[in-house]
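# Observations on the three-dimensional arrangement
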Number of protein chains: 2
Amino acid sequence: MAVYTPGQVVEETGFSLDTLRYYERIGLLEPVGRNAAGQRRFTEEDVSWLGMVRCLRDTGMPISEMLRFAQLVRQGEHTIGDRIALLEEHDRKVEAQIADLCQKQGAIQRKIQYYKDVRTMRDMLPEQAS
Amino acid sequence: MAVYTPGQVVEETGFSLDTLRYYERIGLLEPVGRNAAGQRRFTEEDVSWLGMVRCLRDTGMPISEMLRFAQLVRQGEHTIGDRIALLEEHDRKVEAQIADLCQKQGAIQRKIQYYKDVRTMRDMLPEQAS
DNA sequence: ATGCCGCCTGGAGTGCACTCCAGCGCAAGC
DNA sequence: GCTTGCGCTGGAGTGCACTCCAGGCGGCAT
């Protein structure tokens, strides 16, 4: 069974060492195994869970909700319905986020175009320069 | 020339009164005009600038960069090139944000599907219930 | 043997973007 | 004439998610 040192997990997941420790402290990560010297050794499972965390975090899920999700996962298979509900709810929020972002991006692009037009107008009337 | 009371601007822009005052304090909003009693009266221009601010903020631009943009706007037409550069740079970031969000959403949706499959499997083997 | 590296701990500090508060002023409605 | 509502100020406080720090440990390369 492969294990990962903290450094390797940092590399793999993109979370900082401090963040990994923080996540363990608050219970977003289950207590990580240790070697004889007391140093953390992450399992494959820890790393894949961190992949999920990264997904949820990067799509704007607050830590409190990820904690709730983590709890469901720990409680076993009978919570799968709840997990689906939680993720579907989040999925809807992500959908809305994307839609909002696209719409706002449109406005920004229109502003850019507006500025470009203004610039062109100005360049066509050099004699009116201040 | 129409003016807006603070309450109306809150209504229009969705920013809280405190946020409007905060934006003025830090210079994201130019000093807002006052009536005889010292109460703020926002111009049409203020409101439309706030619309731009909302766009930029909601697409993740930090306040420090919005401040920089505000400065360019105040410096007059000769900064239009810089404004375009700033907005195009931001537009690229928004693009990347959307792409990342879509990709992560895909992963979440696959996870949902995975859970649904697990649930279905489980339901098809009721005799193995614990 | 002596650095240095990677990692350990508990706890304090940071940065961002607000948000709240006490205490006040003015104006309109009952 | 007094309450209610809206707004004012300066300054303090909040919530989130980290991030940093001092002081220490164990292994290994020079």
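These notes cover the structure that comes with them. A quick note: this is a predicted structure, and the numbers were derived from the prediction, not measured.

## Let's talk about the interface of chain B and chain A
Of the residues lining the interface, 31 residues belong to chain B; the matching set on chain A comes to 30 residues. Secondary structure elements with two or more residues in the side of chain B that touches chain A: α3 (44-58) and α5 (80-124) of chain B. If one sorts the elements of the side of chain B that touches chain A by residue count, α5(B) sits on top with 26 residues. Across the side of chain B that touches chain A, the residue classes tally to 14 nonpolar, six polar and eleven charged.

## Description of the protein's contact with DNA strand D
If you check the shell around DNA strand D, you find 16 residues, and the closest are Pro62(A), Ile63(A), Thr5(B), Gly7(B) and Arg40(B). Listed by contribution, the elements that provide at least two residues to the surface near DNA strand D are α2 (17-26) and α4 (63-74) of chain A together with α1 (6-13) of chain B. The biggest single contributor to the surface near DNA strand D is α2(A), with three residues. Of the residues belonging to the surface near DNA strand D, the class tally is five nonpolar, seven polar and four charged.

## Brief notes about the protein's contact with DNA strand C
Near DNA strand C there are 16 residues, and of these Thr5(A), Gly7(A), Arg40(A), Pro62(B) and Ile63(B) occur at the shortest range. Elements represented by at least two residues in the surface near DNA strand C include exactly α1 (6-13) of chain A together with α2 (17-26) and α4 (63-74) of chain B. Looking at the surface near DNA strand C residue by residue, the class counts come to five nonpolar, seven polar and four charged.

## So, the nonpolar core
Counting 14 residues, the largest nonpolar core has Val9(B), Tyr23(B), Leu28(B), Val53(B) and Leu56(B) as its most contacted members. For this core, the secondary-structure elements that each account for two or more residues are α2, α3 and α4 of chain B. Residue contributions to this core peak at four residues, all from α3(B). Those residues in contact with Val53(B), other than ones at most four positions away along the chain, are Leu28(B) and Met66(B). If you look at the next biggest cluster of nonpolar residues, it comprises eleven residues, including Tyr4(A), Leu20(A), Leu50(A) and Val53(A).

## Observations regarding the relation of the copies chain B and chain A
Its rotation angle being 180 degrees, the transformation that places chain B on chain A also includes 0.0 Å of axial translation and leaves an RMSD of 0.0 Å. With respect to symmetry, the two chain copies, as superposed, fit the operation of a two-fold axis. Residue Ile98(B), judged by its C-alpha, is the member of chain B lying nearest the rotation axis, at 3.1 Å. Most of the interface of chain B is mirrored in chain A, where 97% of its interface residues are also at the interface.

## Section: the packing of α1(A) against helix α3 (residues 44-58) of chain A
Residues and elements named next belong to chain A. Remark: α1 packs on α3, axes separated minimally by 10 Å, with the N-to-C direction vectors making an angle of 40 degrees. Crossing angle aside, the handedness with which α1 passes α3 is right-handed. Only Val-47, Leu-50, Gly-51 and Arg-54 of α3 make contact with α1, whose side of the interface consists of Val-9, Glu-12 and Thr-13. Per-class residue counts for the contact of α1 with α3 are three nonpolar, two polar and two charged.

Cut-offs applied
- Counting from 1, residues in each chain are numbered in the order their sequence is written.
- Chains and ligands are labelled sequentially in the order written, the chains with letters from A and the ligands with numbers from 1.
- Totals for whole chains, interfaces and linings use every residue, but because this is a predicted model, local features are given only for residues with pLDDT of at least 70 and side-chain atom pairs only at 80 or more, for both listing and counting.
- By definition, residue pairs are in contact when their C-beta atoms, positioned from the backbone, come within 7 Å.
- Helix numbers and strand numbers start at the N terminus; a helix is a DSSP run of H or I with at least 4 residues, a strand a run of E with at least 2.
- Three classes are used: nonpolar for Ala, Val, Leu, Ile, Met, Phe, Trp, Tyr, Cys and Pro, charged for Asp, Glu, Lys and Arg, and polar for all others, with Gly counted as polar.
- Whether a residue is near a molecule or strand depends on its C-beta atom, generated from backbone atoms, being within 6 Å of that molecule or strand.
- Put simply, a nonpolar core is buried Ala, Val, Leu, Ile, Met, Phe, Trp, Tyr and Cys residues tied into one set by C-beta atoms within 7 Å.
- Exposure criterion: with C-beta atoms placed from backbone coordinates, a residue whose C-beta has 20 or more other C-beta atoms within 10 Å is buried, one with 12 or fewer is exposed, and one in between is partly exposed.
- Alignment of copies: least-squares fit on C-alpha atoms of residues with pLDDT of at least 70 in both copies.
- To obtain an axis, a line is fitted to C-alpha atoms, over the contacting stretch when the element is a helix, and the angle between two such axes runs from 0 to 180 degrees between their N-to-C directions.
- In this scheme, a crossing is called left-handed if the near helix is turned counterclockwise away from the far one by less than a right angle; it is called right-handed if the turn is clockwise.

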